[in-house]
Every structure is written in structure tokens, then in C-alpha cells.
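# Summary of the model geometry
These are the residues of each chain, in order.
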Protein chains: 2
Amino acid sequence: MVERTRFDEADCPVARSVDAVGDWWSLLIVRDAFDGSRRFGEFQRSLGVAKNILSARLKSLVDHGILRTKPAGAHHEYLLTPKGEALFPVIVALRQWGESFTFTPDEPHSQLLDRRNHKPLRPLKVLASDGRPVKPADTVVHKLT
Amino acid sequence: MVERTRFDEADCPVARSVDAVGDWWSLLIVRDAFDGSRRFGEFQRSLGVAKNILSARLKSLVDHGILRTKPAGAHHEYLLTPKGEALFPVIVALRQWGESFTFTPDEPHSQLLDRRNHKPLRPLKVLASDGRPVKPADTVVHKLT
């Protein structure tokens, strides 16, 4: 297995997030947890991933406090912690970008809908402290020296 | 090198985004492009990544229409396309989550600030079509059958 570079001591929160979440499999596990998957078998069926890979990713997500285990009969379930639930905007941002740029206009895709009225959500907007929409060029990264 | 599972025919926009962006290196390249990096050497210094890995990731980002190349003297620069710029909410979401959960309170980190007044941006909010804030439990994924 390829040794992954660690970003857990980076001073950039993006890099640390990347390190904590792990890899794309882990992000798709988190997506499935938001969609209601709880059991090992549910994640496996959804992702079609090898058991050893799924085990390792679930363990890492538990170790990072993103998922927690809960006994359920002879097995256990994996539930999002508050830290895991807080990844919701990350998943929504990836979903909305994917909807805009990775499907042809006539190509169907799964949709994230408001449970109350089954309408799509609003596109995420990056806003300044005063509520003004900001583009990347309107922002500056203050790096530590 | 480990063969990466492809998600480019998935019907989930999250999975397709993950496929198009590539891997964490690619996401950190996009982050650096937002922060103003343009030249191969700039990305390399920022990321401390091997040249062959960086070359492959830059090429993939260009192939996916996220970056474009622009001649600049004897070399060329890598610039975000509109598709790449649209990843801004993804980067901001990862950054804000990282700020909240991956640093101790007294641990300094880089900050993304409003260029105009040097204040932090607002936390991203997931909103329903009528502007109501929604939590994960307020949403439902409509899957294709």
C-alpha cells in the first residue's frame, strides 16, 4: 500500500481536514452515513469496496471521532458524531459541484432534497461577514509566518 | 501504484466530483491555485510533493478542465478555469470544518479572510429553497432506481 503523506501537523485547516477525513473512500462512507447507512454490510453494498479496505476506513473514521459505534444486536452500527455531522456542507458542496459540472444535461443523477417539500436545496454561497457574496479573488489567505 | 477505483459513471454527484478532482493532492493543488500559486515550482514548494506526482496531478486537473495552462515566458502557468473556480465552496467547507475540529483552541492556523476588511468569512450554511437552514436529517437523497 502506498504510504500516504500526513498533513496532520499542517497549519492549513484544509490540509488537516484532508488528513482527518482520510481518503475518498472515507468521504463516500460519510456520504452514505448521511444517506442512512449504518451497518457494515450497507456500506459495503453501496460502495462495492473490499471488506479489508472498508474495515480500515471505518476504524480510521471512528479513531478520528467522525463516526462512533453503537451496539445493535450481535453486531454494531456506525453513527455520525457531531464532528461527522459537521461535514454536511463539505458533502453538499461536492454534490452541487458534481451536479453542475460532471453530468451532461440529459443525464440523470441522484438528488439531495428537502425532506419537507422535496425541493432541491439552495446552492451554497460563500459570504463575507457582512453577508456580501465573495468570489475567490475577494479573499486572501493569511498564512502563519 | 495502487489502482484507483473509478467513480466517473456513478449516478451520485459526490462520487463523480471525487473522481474528477482526483485525490487529496489534487485538492491541495486547487487550494494553492486559489491562494495564488501558478507555477510548477510554487506548487512544489508549497506541497513538498515529488515532481512526478505533481506533474501527473496537474495534468489530470488540466484534462478534467479544472486548471488550464497559459504560456508565460519559457514556462507556463496553471490557472483555474470557471469549473475550477466553482470548487471554492468545497475548499471553504473543508477549511471551516478543519478550523472547528482539527486545531486545539490555542493552536494557530492560516485564515481565509475577506480582502476588503480582513475579517473571516461567514460559516457556510446549507439552506432549503425557502432559505430555512437544514440539517442532514431534514434532507433525503432521491436515488435513481
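Presented here is a report on the structure given in the accompanying data block. (Residues numbered from 1 in each chain as written. Chains lettered and ligands numbered in written order. Predicted model: local features only at pLDDT ≥ 70, side-chain atom pairs only at ≥ 80, totals over all residues. Heavy atoms only, no water.)

## Re the interface of chain A and chain B
Listed per partner, the contact involves 80 residues of chain A and 80 residues of chain B. Between chain A and chain B, a total of about 7500 Å² is buried, with carbon and sulfur atoms accounting for 69% of that surface. Inspection of the region where chain A meets chain B yields four salt bridges. Between Arg132 of chain A and Asp114 of chain B there is a salt bridge, with the nearest N and O atoms lying 2.7 Å from each other. Mapped onto the side of chain A that touches chain B, the elements with two or more residues apiece are helix H1 (13-21), helix H2 (24-34), helix H5 (82-85), helix H6 (88-101), strand E3 (111-114) and strand E4 (139-142) of chain A. A per-element tally of the side of chain A that touches chain B places H6 of chain A first, with 12 residues. (Contact = heavy atoms within 4.5 Å. Buried area = accessible area lost by both parts, 1.4 Å probe. Salt bridge = Lys/Arg side-chain N within 4 Å of Asp/Glu carboxyl O. Helix = DSSP H or I, 4+ residues; strand = E, 2+ residues; numbered from the N terminus.)

## Quick word on the relation of the copies chain A and chain B
For the pair chain A and chain B, the relating rotation is 180°, the translation along its axis is 0.0 Å, and the fit reaches an RMSD of 0.0 Å. The transformation just described matches what one would write down for a two-fold rotation axis. Among all C-alpha atoms of chain A, that of Val90 of chain A lies closest to the rotation axis, at 2.9 Å. Looking at chain A, 100% of its interface residues are interface residues in chain B too, so the copies touch through the same face. (Least-squares fit on C-alpha atoms with pLDDT ≥ 70 in both.)

## Observations regarding the packing of aromatic side chains
All told, the structure shown has seven aromatic pairs over all chains when counted by the stated rule. Between Trp24 of chain A and Trp24 of chain B, the ring centres sit 4.4 Å apart and the planes meet at 45°, which makes this aromatic pair tilted. Taken as a pair, Trp24 of chain A in helix H2 and Trp24 of chain B in helix H2 (residues 24-34) lie in two separate chains rather than in one. Exposure class is identical for Trp24 of chain A and Trp24 of chain B. Each is buried. Plain terms: the ring middles of Phe43 of chain A and Tyr78 of chain A are 6.4 Å apart, the flat faces sit at 75° to each other, and that makes the pair edge-to-face. Of this pair, Phe43 of chain A sits in helix H3 (residues 40-47) while Tyr78 of chain A sits in strand E2 (residues 75-80), and the two are 35 residues apart along the sequence. In this structure Tyr78 of chain A comes out as buried when scored by relative accessible area, which is 12%. (Phe/Tyr/Trp six-rings, centres within 6.5 Å; stacked < 30°, edge-to-face > 60°. Buried < 20%, exposed > 50% of the residue type's maximum accessible area, 1.4 Å probe, protein only.)

## Some points on the pattern of salt bridges
Per the counting criterion, the structure on display carries 18 salt bridges over all chains. For the salt bridge of Arg95 of chain A with Glu99 of chain A, the shortest nitrogen-to-oxygen distance reads 4.0 Å. Taken as a pair, Arg95 of chain A and Glu99 of chain A lie in helix H6 at a separation of four residues, close to a single helical turn. Its relative accessible area of 28% is what places Glu99 of chain A among the partly exposed residues. Between Asp23 of chain B and Arg57 of chain B there is a salt bridge, with its nearest N and O atoms 2.6 Å apart. One end of the pair, Asp23 of chain B, is in the loop between helix H1 (13-21) and H2; the other, Arg57 of chain B, is in helix H4 (residues 51-63), and 34 residues separate them in sequence. Taken as a pair, Asp23 of chain B and Arg57 of chain B share a single burial class, namely buried. A single network of salt bridges, built from pairs that share partners, joins Arg38, Arg39 and Glu77 of chain A.

## A short note on H6 of chain A
Owing to its 3.6 residues per turn, the α-helix brings residues three or four apart onto one side. Residue and element names in this part refer to chain A. Counted at 1.5 Å a residue, the expected span for H6 with its 14 residues is 20 Å, and the 20 Å between its end C-alpha atoms agrees. Where burial is concerned, most of H6 is hidden: 11 out of the 14 residues are buried. If you check which residues of H6 are buried, you get Phe88, Pro89, Val90, Ile91, Val92, Ala93, Leu94, Arg95, Gln96, Trp97 and Gly98. (Expected span 1.5 Å × (residues − 1).)

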